[in-house]
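# Commentary on secondary and tertiary structure
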Amino acid sequence: MTSRRPLLFSAFNEFVLSHHDHGGWRRADSRQPELNSAAYWVDLARLLERGRFDFLFFADVLAPYDIYRGSRDTAIASGMQTPVNDPAVLIPILAHETTQLGFVLTENILQEPPYTFARKLSTLDHLSGGRIAWNIVTSFLPGAGRNLGHAGLPSHEERYGRAEDYVTAVYKLWEASWEDDAVVADRERGIYTDPSKVHTIDHVGPYYTVPGPHLTEPSPQRTPFLFNAAASGTGIAFAGKHAEVLFTSGGRESAPENVRDLRAAAVAHGRAPEDVKIFGGLGVVVGSTEAEAHRLDRELQETQSIESILAKLSAFWQEDLSRYPLRTTVAELLNSGEGSALTRQVLRGAPDTGWDFEALLRWAANRHVVGTPEQVADEIDAWQEAGIDGLNLQYLVSPGSFADFVEQVRPVLVERGTMQRDYSPGTIREKATGSGPFLPERHPARRIRAELAAQRAAASALDHSDAEPDEQDPR
Ligand SMILES: Cc1cc2nc3c(=O)[nH]c(=O)nc-3n(C[C@H](O)[C@H](O)[C@H](O)COP(=O)(O)O)c2cc1C
């Protein structure tokens, strides 16, 4: 039976020991402690490619999580997203060892000037043959702001103001600096590039000034495939304008409403609903029988550190969660009226208000489905029915969670049509959207390209008309 359309699949990861597993790395079968070895990541990338995953997603942070107990010690002791190496250095190695898998690089817009960032991404897109995506983030860790030379994290409003300016500058570099036929590579004449087809961009924005031109010739996708995960109103408006892959925050139950809102945000910016792919997030614990799956889940839960979970969620929910006793119930916490807006949002979404706080934290830290391959496939099908286009799969132990998925769940999904049997050709934008290698004309980056080309044409027409009287000068 192949009645469904395939979903897109992304393996959610970070160049770290421990991402959202909170202790899976302690198991004897985990290779996570090999994080500093390229071999571990190459094997993982090959496994994902064998399983026809679309993307290996690298999240990134630029500070240890330090809101819990006002200290970074818990995150550092448990290895939760610290140490964290630079994914941009790893991706070319993985791209060299694979041919189809896409790589999502998360980079915060505060991290480096748009000019060097644009060159880095074009280089990665060249080296990978058009398999690079950028996850645009504005950061949520105050420590990251401090490490990047700010007094703390700039306000949410300023971060999104910067993000808008930053993407405008890089779009100009990627889309409007080098014309399609600028590179002639003429060995006879000794001309590599026609200088009349390489242009400055003269970007002057509220935060960034970038004259250009871009340093790199056009890469297979020009602008890399664009991801963004937003939750706030401002964030969703930004994602709807710019991103090609967006994430629903929350679980499957709230997905239909979230998907509607995200597509509406794209339409509000003159894009088509199908221009955006919406992803949900999920972990999977699978066994050949239900009992085996639950036994594995219990084993994994036993390795999970509640302290590590508290350290992560304190940063996500923007408050020090050490002040809530673990045995308080969700109902009591809701009645107390305490908690940040984000904590209260999660409390309201709890499946059972009789749960104690620890149960809520464990549930929120790594939502996952437990069951046989068919049961897991049923859950994935239910996500698809909720309107999503793809799933970001997070591991509880690596590479075990991904290997189990490829070996046990994938065959069922392929049979049902929910996962691709094989890759389609082309860049990751072509594979994921079925359209061309470049952004669609409706995207703001392509409008910027058209505007700059029109400005240049008008300027050159003016030059030309200025020149005409000279040509006819009778003297
Ligand atoms: C799947 C997913 C991945 C994310 N990855 C990162 C990341 O790697 N680095 C980061 O700073 N923020 C990351 N975020 C956080 C978002 O960028 C964003 O800050 C958060 O969702 C809050 O949204 P807002 O900016 O609209 O308030 C991620 C969020 C999601 C849902």
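Residues numbered from 1 in each chain as written. Predicted model: local features only at pLDDT ≥ 70, side-chain atom pairs only at ≥ 80, totals over all residues.

### Comments concerning the domain arrangement of the chain
- Along its sequence, the chain is carved into domain 1 (8–304 + 367–450) and domain 2 (306–365).
- Centre-to-centre, using C-alpha coordinates, domain 1 lies 28 Å away from domain 2.
- Taken together, the 17 residues of domain 1 in the interface contact 15 residues of domain 2. (Domains from an automatic or database assignment. Contact = placed C-beta atoms within 7 Å.)

### Notes on unusual backbone geometry
- Look at the link from Gly212 to Pro213: it is a cis peptide, with omega at 5°.
- If you trace the backbone, Pro213 turns up in the loop between strand E8 (209–210) and strand E9 (225–228).
- The backbone of Ala185 shows a phi angle near 45°, a positive value even though the residue is not glycine.
- On the secondary structure map, Ala185 appears in strand E5 (residues 183–186). (Helix = DSSP H or I, 4+ residues; strand = E, 2+ residues; numbered from the N terminus.)

### A word on the nonpolar core
- Ranked by size, the top nonpolar core spans 130 residues in total, and within it Leu48, Leu56, Phe103, Ala133, Ile136, Val284 and Leu391 carry the most contacts.
- The element best represented in this core is helix H6 (residues 156–176), accounting for nine residues.
- Composition of this core by domain shows at least three residues from each of domain 1 (8–304 + 367–450) and domain 2 (306–365).
- Apart from the residues within four sequence positions on either side, Phe103 is in contact with Leu56, Ile91, Leu94, Ala95, Ser128, Arg131, Ile132 and Ala133. (Core = buried A, V, L, I, M, F, W, Y, C linked by C-beta atoms within 7 Å. Buried ≥ 20, exposed ≤ 12 C-beta atoms within 10 Å, placed from the backbone.)

### Points about the environment of Gly281
- Mapped onto the fold, Gly281 is located in strand E11 (residues 277–286).
- Contact partners of Gly281, with chain neighbours within four places excluded, come to Phe12, Phe247, Asn392 and Gln394.

### Remarks on the pairing of E9
- Where burial is concerned, the two faces of E9 agree: the one with Phe225 and Phe227 and the one with Leu226 and Asn228 are both buried.
- Summarising the sheet, strand E4 (residues 132–137) and E9 pair through three bridges and their orientation is parallel. When the bridges of E9 are listed, Asn135 appears paired with Phe227.
- The pairing of E9 with strand E10 (residues 245–247) spans two bridges and is parallel. Paired with Asn228 across the two strands is Leu246, which belongs to E10.
- Taken together, E9, helix H7 (residues 233–242) and E10 form a β-α-β motif whose crossover is right-handed. (Pairing = 2+ DSSP bridges. Right-handed = clockwise from strand over helix to strand, strands pointing away.)

### Observations regarding the pairing of strand E2 (residues 55–59)
- Among the five residues that make up E2, five are buried, leaving the element largely enclosed by the rest of the structure.
- Relative to E2, strand E1 (residues 8–14) runs parallel, the two sharing five bridges. Residue pairing in the sheet places Ala11 in a bridge with Leu56 of E2.
- For the handedness criterion, the β-α-β arrangement of E1, helix H1 (residues 38–50) and E2 is classed as right-handed.
- Alignment of E2 against strand E3 (residues 102–108), held across four bridges, turns out to be parallel. Directly across from Phe57, in E3, lies its bridge partner Val104.

### Some details on helix H13 (residues 357–365)
- If you check which residues of H13 are buried, you get Phe357, Leu360, Leu361 and Ala365. Along the axis of H13, the buried residues cluster in a sector spanning 125°; they form a single face. (Arc of directions from axis to C-beta.)

### Notes on the environment of Trp174
- With respect to the helices and strands, Trp174 occurs in helix H6.
- Excluding residues within four positions of it along the chain, Trp174 makes contact with Ala118, Ser122, His214, Arg222 and Thr223.

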